[in-house]
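The residues making up each chain are set out below.
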Amino acid sequence: MASLRTTVIINPKSQGGRLGKRWRELAEQIGRVFPFDEAMTAGPGDATRLVREALRGGAERIVAVGGDGTVNECVNGFFEDGGGAAIAPEATLGVIPFGTGGDFRRTLVLPTEAAAAARAIANGPRAKIDVGRVTFATAGGGTATRMFANISSFGSSGVIVRLVNASGKKFGALSFALATVRGTMSYDNQRVALTFDGGERVEATINTVAVANGKYFGGGMKVAPDAQIDDGAFDVVCLGDLTFGEILTSGRKIYSGAHVAMPKVSVRRARVVEAAPIEPGGVVELDVDGEAPGRLPAKFEVVPNALWFAGRGGPG
């Protein structure tokens, strides 16, 4: 696979701008493993556009260098706008992690050192993974569709992600911890209606609901410990009417995955999930792979075997 025509997408702002400062050093390491064309992002949406341009220009492999937001934009670039057809169905995605949260790379057990990650992409087998598609309400009152590789969630997680991104992530992993405290303290649990695979409808008071393709979100929280990224279904984890005190006392459980045994936590499996606020005018914010693009109502659909991926390690 080392001979594949490869475009590397770099987000220089990853880790608060650290990637931009180290890129030349990392480029040398990657270049010793495989040749590549380089494309640098300058702002939101650039990675998606650059991936589409590269694939339409004949690229056979895309390598994302950055964090979860960069990976999300690159995944979207493999598909026509609005979650449409794959632009180059045989093209492969690889990831060299260099972000703040690193949740996608945890699920796939990717090497964190650039040269090792490049070798895994070049020499390891490739396999198909599922991708999620979410159609949601935008702040301006319209609708939009976005693909996601890892987890889309809503509730307090949407507030927390908005706070993390507003902080510029200048404190690295600590940015997630600080935003989690701020977001949890300011958040009031909300009533939502959930529909699973067009049938079962549940009304619940929730802190957060994670529609999980992967296992981790929020900078290392193992929110969906049994999720598999290639099984054709979501694990839908509902953190119910938890009080601030319960969240504090059970905080360690969500990092290990033990929270799923708590009485106020439920897990369902579904291929399609629809969610809407029950209260008129209720604003329930979304988190999509660490980005905050909109709010409920939303429809989440799994797209099985949607994307070739190279560089995966063992079970996450």
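Rules used in this analysis
- Residues numbered from 1 in each chain as written.
- Predicted model: local features only at pLDDT ≥ 70, side-chain atom pairs only at ≥ 80, totals over all residues.
- Heavy atoms only, no water.
- Helix = DSSP H or I, 4+ residues; strand = E, 2+ residues; numbered from the N terminus.
- Rg over C-alpha atoms; globule rule 2.2 N^0.38 Å.
- Buried < 20%, exposed > 50% of the residue type's maximum accessible area, 1.4 Å probe, protein only.
- Contact = heavy atoms within 4.5 Å.
- Areas by Shrake-Rupley, 256 points an atom, 1.4 Å probe, with all protein chains shown as cover.
- Salt bridge = Lys/Arg side-chain N within 4 Å of Asp/Glu carboxyl O.
- Pairing = 2+ DSSP bridges.
- Axes fitted to C-alpha atoms, helices over the stretch in contact; angles between N-to-C directions.
- Parallel < 35°, antiparallel > 145°, perpendicular 65-115°, else oblique.
- Left-handed = near helix turned anticlockwise from the far one by under 90°.
- Nonpolar A, V, L, I, M, F, W, Y, C, P; charged D, E, K, R; others polar.
- Core = buried A, V, L, I, M, F, W, Y, C linked by side-chain atoms within 4.5 Å.
- Arc of directions from axis to C-beta.
- 1 Å grid on protein atoms, 1.4 Å probe; cavity = no way out; pocket = protein on both sides within 12 Å on 5 of 7 lines; lining within 4 Å.
- Points joined across faces, edges and corners; volume = space filled by probe spheres on them.

Chemist: Give me the overall build of the chain: which residues, what numbers.
Modeler: Across its full length, the chain holds 9 helices and 15 strands. In summary, the chain has a C-alpha radius of gyration of 19 Å against a globular reference of 20 Å for 316 residues, a match within 12%. Along the longest, intermediate and shortest principal axes, the C-alpha atoms of the chain span 55 × 40 × 40 Å. Within the chain, the fraction of its 316 residues that count as buried is 53%. Restricting to contacts in the chain with at least 6 residues of sequence separation, those with at least 24 account for 74%. Accessible surface, the chain: about 13,000 Å² in total, of which carbon and sulfur atoms supply 52%.

Chemist: Outline the environment of Val 260, listing residues and values.
Modeler: Mapping Val 260 onto the fold places it in the loop between helix 9 (251-256) and strand 12 (265-270). Val 260 sits 36 residues away from Ala 224 along the chain, and the two C-alpha atoms are 8.1 Å apart. Once residues lying within four places of it in the same chain are set aside, the contact partners of Val 260 are Val 223, Pro 225, Val 265 and Val 267.

Chemist: Go over helix 3 (residues 68-77) with me, naming the residues and quoting the values.
Modeler: Here helix 3 lies mainly inside the structure; 10 of its 10 residues are buried. Turning to helix 3, its buried residues are Asp 68, Gly 69, Thr 70, Val 71, Asn 72, Glu 73, Cys 74, Val 75, Asn 76 and Gly 77.

Chemist: Would you mind going over the pattern of salt bridges in detail, with residue names and values included?
Modeler: Overall, the coordinates contain 17 salt bridges when judged by the stated rule. Note that Arg 49 and Glu 53 form a salt bridge whose closest N and O atoms lie 3.2 Å from each other. With Arg 49 and Glu 53 both in helix 2 (residues 46-56) and 4 residues apart, this pair spans about one turn of that helix. Residue Arg 49 is classed as partly exposed on the basis of its relative accessible area, which comes to 39%.

Chemist: Tell me about the pairing of strand 6 (residues 143-148), and please be specific about residues and values.
Modeler: Two strands pair when backbone bridges link them, and strand 5 (residues 126-137) and strand 6 are joined in this way by 6 bridges, in the antiparallel orientation. By the bridge assignment for strand 6, Val 134 is matched with Arg 146. Where strand 5 hands over to strand 6, the hairpin turn is made up of 5 residues, of which Gly 141 adopts a positive phi near 100°.

Chemist: Lay out the packing of helix 2 against helix 3 with the relevant residues and their values.
Modeler: Helix 3 packs onto helix 2 with a crossing angle of 40° between their chain directions and a minimal axis gap of 7 Å. Relative to helix 3, the element helix 2 is oriented oblique. Seen from above, helix 2 lies across helix 3 with right-handed handedness. In contact with Asp 46, Ala 47, Thr 48, Val 51, Arg 52 and Leu 55 of helix 2, helix 3 contributes Thr 70, Glu 73, Cys 74, Asn 76 and Gly 77. For the contact of helix 2 with helix 3, the residue count by class is 4 nonpolar, 4 polar and 3 charged.

Chemist: Which residues make up the nonpolar core, and what values go with them?
Modeler: Grouped together as the largest cluster of nonpolar side chains are 32 residues, with contacts concentrated most on Ile 62, Val 75, Phe 78, Leu 93 and Phe 104. Residue assignment for this core shows that the elements contributing at least two residues are helix 2, strand 3 (61-66), helix 3, strand 4 (92-97), helix 4 (103-108), strand 5 and strand 15 (295-310). Broken down by element, this core gets its largest block of residues, 5 residues, from helix 2. Core analysis: the second largest hydrophobic core is formed by 28 residues, Val 134, Ala 204, Val 211 and Val 236 among them.

Chemist: Describe helix 5 (residues 114-123), and please don't skip the residues or the numbers.
Modeler: Every buried residue of helix 5 is listed here: Ala 114, Ala 115, Ala 117, Ala 118, Ile 121 and Ala 122. Along the axis of helix 5, the buried residues cluster in a sector spanning 160°; they form a single face. Its buried side turned inward, helix 5 meets helix 1 (14-31), strand 3, strand 4 and strand 15.

Chemist: So what's going on with empty space enclosed by the protein? Residues and values would help.
Modeler: In total, this model carries 1 cavity of 30 Å³ or more according to the counting rule given. Along the walls of the largest cavity sit Phe 78, Phe 79, Ala 86, Ala 88, Pro 89, Ala 91, Ala 306, Leu 307 and Trp 308, which together make up its complete lining. Across the lining of the largest cavity, the residue classes break down as 9 nonpolar, no polar and no charged.

Chemist: So what about the sheet that holds strand 11 (residues 234-239)? Which residues, and what values?
Modeler: As summarised here, the arrangement of the 5 strands in space is 12-11-10-7-14, forming an open sheet in which the pairing is antiparallel. Looking at which strands have only one partner, the edges of the open sheet turn out to be strand 12 and strand 14 (286-288). Shown here is a sheet whose adjacent strand axes are inclined to one another by a mean of 15°, direction ignored. Here 5 bridges tie strand 7 (residues 151-155) to strand 10 (residues 208-212), and the two strands are oriented antiparallel to one another.

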